[in-house]
Amino acid sequence: MTDELDIEEEEEEDEQRPFNSLYFRRMMRYLKPYRRQVLLGATMMLTVMAAGLMEPLIIKTAIDDAIAPGELNYLDRLVLALVGLRIVAWLAQRAQIRIMNHTGQSILYDLRQQLFEHVQKLSLSFYDGRPVGKIMSRITNDVNAIAELVNSGVINLISQGVSLVAITAILLIMNPRLALTAFTVLPAIGYLALRVRTRMSNAWMNTRKAYSSINAHLNETVTGIQEIQVFNRQGRQSERFRRINQRLKKAFMTAIHYEMVLWPGVDLVGVIGMCLVIWVGARQVIQGALTIGVLLAFVQYINRFFAPLSTMSRVYSQVLSAMASAERVFEILDTEPLVYDREGAVDLPKIKGEIVFENVSFAYKEGEPVLRDMNLRIEPGQMVALVGPTGAGKSTIANLVCRFYDPTEGRVLVDGYDLTKVTLSSVRSQLGLVLQDTFIFSGKIRDNIAYGRLDAPLEDIMEAARAVKADDFIQKLSDDYDHEITERGASLSTGQRQLLAFARALLANPRILILDEATAHIDIATERAIQEALERLLVDRTSIVIAHRLSTIEKADLILFIDGGRIVEQGNHRELLARKGRYWQLYTTQYRLERDMALESSLAAGQVG
Ligand code: ADP
């Protein structure tokens, strides 16, 4: 379980960042392949907008030039024009929705795919210290924010800007004096659209953040429920939950407060504007300087000021959100894999399985060496056990052989080939890795075993399973080899997962096998099955085992005792015991105890039986 204490202290990622023109231009590049569609979408949007702006003009004409003089024929034509305009707007809007969603989804698709493919290539060092949730949210949420801006944001900004300019121009042309009267409400509309609206969306953003904190907290509580109950942490957990819960409630009510100010405010300002225009306009009408139609058109246009301003403020916050997302997404895209096929890398031929470390030093972080000047030779077919205290560097040795990292100094050679000078795929295809806690993918059991050799026929899969004694438990599952695994194999026991991993490795048949022995204690029957399976698995290949079991270590051709990133002792079990050094110490304090206990319990069992 990850530490439940971290949940609230964990920094939240920025939701908005200042404008950055470099990022902006880079985001816009994703539009390039869809330039034509975007242009078409923008045209459609402008058409809808233009049709909307024409309406008050037609109504004005109808009142002044058709109804007032009693020209019924003209009125018919104007009404038809109005209906026609609506139909055009309707068609254009339909097209616009389709085009923009299509390009929006295409941009999303491209970006998501690019990011996913890139992330898969990145070296393990990228994943070190990056929480899974953050990587996931980049590929999902951040990508959305970018695509939304690139697609609809920009088009919206342009068309609404045009709309704003157009309304202003129409009003000024129709009647400058009345226009100036109408403009007196603009500051209030601007305040509502830009200021209050921004605050409102910020408040909604806080609500979303609080929601995700609630989710994270719930998630941790549910996953860690055993630890929480056993350590009596319910009180603390509830207290923390109460705080986040309160934050959510408060954020929500703040958002509602702004909603409450905004929408009735927009109505009120609209009405005030209308009253002002009627008040000033009516005098002009009475004096004969203004027609009723123009007055009516003015009233209608006033209400149309709000939408573009509101949209522009929305796009503005969209831009800032997209900047935060862009920063995170581009950070990933700009991260180069540290381990990659170098220029002129050759394919490693079929290997015998010799591994040599030549003056290898390695550090995960600069200045903190983990392996120091290590020299090591493993002959083909040898079984090597790595022992030593936790943090000594055993897994790091395994990581270098798998080439998850390249050495900081020195060389790792396989059959005489420097690993940095051969292609990754040719190394990995001849190498197997079995970790303590095997990752079981969702899908069928048979596909999980065939993970390293997808084309393996069922007979081979079954043979591998039988060889490592996984067959027994698989046969008992519903649909045996076709049994569907869910939830990362949570329904399987640790021992069963391990046997599956052995079967997977055996089927792939690598020349070099690296195995991190599970430390988890399992029942004696499974333990025995695993021991036998292991022996079967290690036959005929070079193996490096990070060993925790005495039985494994005793059988090893070579034991390397690692401490502080150095090999402090090497030899086989007998040689090392005779030396009475570190290994002997470890053996007498830890392993012997283990053996005596096993001996005792089997004796006791014998006596009872
Ligand atoms: P062992 O397998 O012997 O327990 P490791 O090889 O896992 O030891 O670790 C050796 C040292 O390297 C430890 O001090 C550990 O904290 C550090 N270390 C291991 N993995 C990483 C990593 N991904 N990033 C930074 N430091 C690491």
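Since the model is a prediction, treat every value here as computed from it, not as a measurement. (Residues numbered from 1 in each chain as written. Predicted model: local features only at pLDDT ≥ 70, side-chain atom pairs only at ≥ 80, totals over all residues. Heavy atoms only, no water.)

## Describing the overall build of the protein
So, step 1. A tally of regular secondary structure across the protein gives 22 helices and 12 strands.
So, step 2. The C-alpha radius of gyration computed for the protein amounts to 36 Å, which surpasses the reference 25 Å derived for 609 residues by more than 25%, pointing to a less compact arrangement than a globule.
So, step 3. With the C-alpha coordinates of the protein rotated into their principal frame, the extents come out at 120 × 60 × 55 Å.
So, step 4. The buried share of the protein, reckoned over its 609 residues, is 44%.
So, step 5. A fraction of 79% describes how many contacts in the protein between residues 6 or more apart in sequence connect residues 24 or more apart.
So, step 6. Per element, the accessible surface of the protein, about 32,800 Å² overall, is 57% carbon and sulfur. (Helix = DSSP H or I, 4+ residues; strand = E, 2+ residues; numbered from the N terminus. Rg over C-alpha atoms; globule rule 2.2 N^0.38 Å. Buried < 20%, exposed > 50% of the residue type's maximum accessible area, 1.4 Å probe, protein only. Contact = heavy atoms within 4.5 Å. Areas by Shrake-Rupley, 256 points an atom, 1.4 Å probe, with all protein chains shown as cover.)

## Let's talk about the sheet that holds strand S10 (residues 542–546)
So, step 1. Reading across from one edge, S6-S9-S10-S3-S11-S12 is the order of the 6 strands in this open sheet, with mixed pairing throughout. Edge positions in the sheet fall to strand S6 (431–434) and strand S12 (566–571), since each has one partner strand and no second. Sheet twist, expressed as the mean angle between neighbouring strand axes with direction ignored, is 20 degrees.
So, step 2. In this structure, strand S11 (residues 558–563) lies alongside S12, joined through 5 bridges in antiparallel fashion. (Pairing = 2+ DSSP bridges. Axes fitted to C-alpha atoms, helices over the stretch in contact; angles between N-to-C directions.)

## Brief notes about the pattern of salt bridges
Oppositely charged side chains are able to pair whenever their charged atoms sit close together.
So, step 1. Scanning all chains against the criterion turns up 13 salt bridges.
So, step 2. The closest approach of N and O atoms between Glu 327 and Arg 17, which form a salt bridge, is 3.2 Å. With a gap of 310 residues between them, Glu 327 in helix H12 (residues 306–333) and Arg 17 in the loop between helix H1 (6–9) and helix H2 (21–28) connect regions that are remote in the sequence.
So, step 3. Since its relative accessible area comes to 30%, Glu 327 is described here as partly exposed.
So, step 4. For Lys 421, the salt bridge is made with Asp 418, and the minimal N-O distance between the two is 3.8 Å.
So, step 5. For Lys 421, a relative accessible area of 52% puts it in the exposed group.
So, step 6. Connected via shared salt-bridge partners are Arg 342, Arg 403 and Asp 406. (Salt bridge = Lys/Arg side-chain N within 4 Å of Asp/Glu carboxyl O.)

## Some points on the pairing of strand S2 (residues 369–378)
So, step 1. Of the strand pairs in this sheet, strand S1 (residues 355–363) and S2 are connected by 6 bridges, and their pairing is antiparallel. Paired with Phe 357 across the two strands is Leu 376, which belongs to S2.
So, step 2. Between S1 and S2, which pair antiparallel one after the other, the connecting turn spans 5 residues, and Gly 367 there sits at a positive phi close to 85 degrees.

## Some points on the site of the ligand
So, step 1. Surrounding the ligand, one finds Asp 128, Tyr 364, Val 370, Pro 389, Thr 390, Gly 391, Ala 392, Gly 393, Lys 394, Ser 395, Thr 396 and Tyr 405.
So, step 2. Within the backbone of Lys 394, an N or O atom sits 2.8 Å from an oxygen atom of the ligand.
So, step 3. Thr 396 has a polar side-chain atom sitting 2.4 Å from an oxygen atom of the ligand.
So, step 4. For the shell around the ligand, the element with the highest residue contribution is helix H13 (residues 394–401), accounting for 3 residues. (Near = heavy atom within 4 Å. Polar contact = N/O pair within 3.5 Å; in protein donor to acceptor, adjacent residues only side chain to side chain.)

## Observations concerning the nonpolar core
So, step 1. Core analysis: the biggest nonpolar cluster contains 47 residues, and Ile 449, Ile 474, Leu 500 and Phe 502 have the highest contact counts within it.
So, step 2. In terms of residue count, the dominant contributor to this core is helix H18 (residues 494–508) (8 residues).
So, step 3. Not counting chain neighbours up to four residues away, the residues in contact with Ile 474 comprise Ile 445, Ile 449, Ala 465, Asp 480, Tyr 481 and Leu 500.
So, step 4. Core analysis: the second largest hydrophobic core is formed by 35 residues, Ile 167, Leu 171, Leu 290 and Ala 297 among them. (Core = buried A, V, L, I, M, F, W, Y, C linked by side-chain atoms within 4.5 Å.)

## Overview of helix H16 (residues 458–467)
So, step 1. Every buried residue belonging to H16 is among Ile 461, Ala 464 and Ala 465, and all of these are buried. Down the axis of H16, the smallest arc covering the buried residues is 100 degrees, so these residues share one side. For H16, exposure combined with an orientation more than 90 degrees from the buried face picks out Glu 459 and Glu 463.
So, step 2. The elements touched by buried residues of H16 are helix H15 (445–449), helix H17 (471–476) and H18.
So, step 3. One or two steps after H16, the chain reaches Lys 469, where phi turns positive at roughly 65 degrees. (Arc of directions from axis to C-beta.)

## A look at the environment of Arg 243
So, step 1. By secondary structure assignment, the location of Arg 243 is in helix H10 (residues 234–287).
So, step 2. What makes Arg 243 partly exposed here is its relative accessible area of 39%.
So, step 3. Along the chain, Arg 243 and Ile 214 lie 29 residues apart, while their C-alpha atoms are 9.8 Å from each other.

## Structural notes on the pairing of S11
So, step 1. The buried count for S11 comes to 5 of 6 residues, which makes it a mostly enclosed element.
So, step 2. Pairing of strand S3 (residues 383–387) with S11, which is carried by 4 bridges, proceeds in the parallel orientation. Residue pairing in the sheet places Leu 386 in a bridge with Leu 560 of S11.
So, step 3. Adjacent in sequence and paired antiparallel, S11 and S12 are bridged by 2 residues, among which Gly 564 carries a positive phi angle near 55 degrees.

## Examining unusual backbone geometry
So, step 1. Even without being a glycine, Asp 373 presents a positive backbone phi close to 40 degrees.
So, step 2. The topology assignment puts Asp 373 in strand S2.
So, step 3. In this model, Asn 509 sits at a positive phi of 50 degrees, which is unusual for a non-glycine residue.
So, step 4. You can see Asn 509 is positioned in the loop between H18 and strand S9 (512–516).
So, step 5. Judged by its relative accessible area of 53%, Asn 509 falls in the exposed class.

Geometric descriptors of this kind do not, in isolation, establish any biological role.
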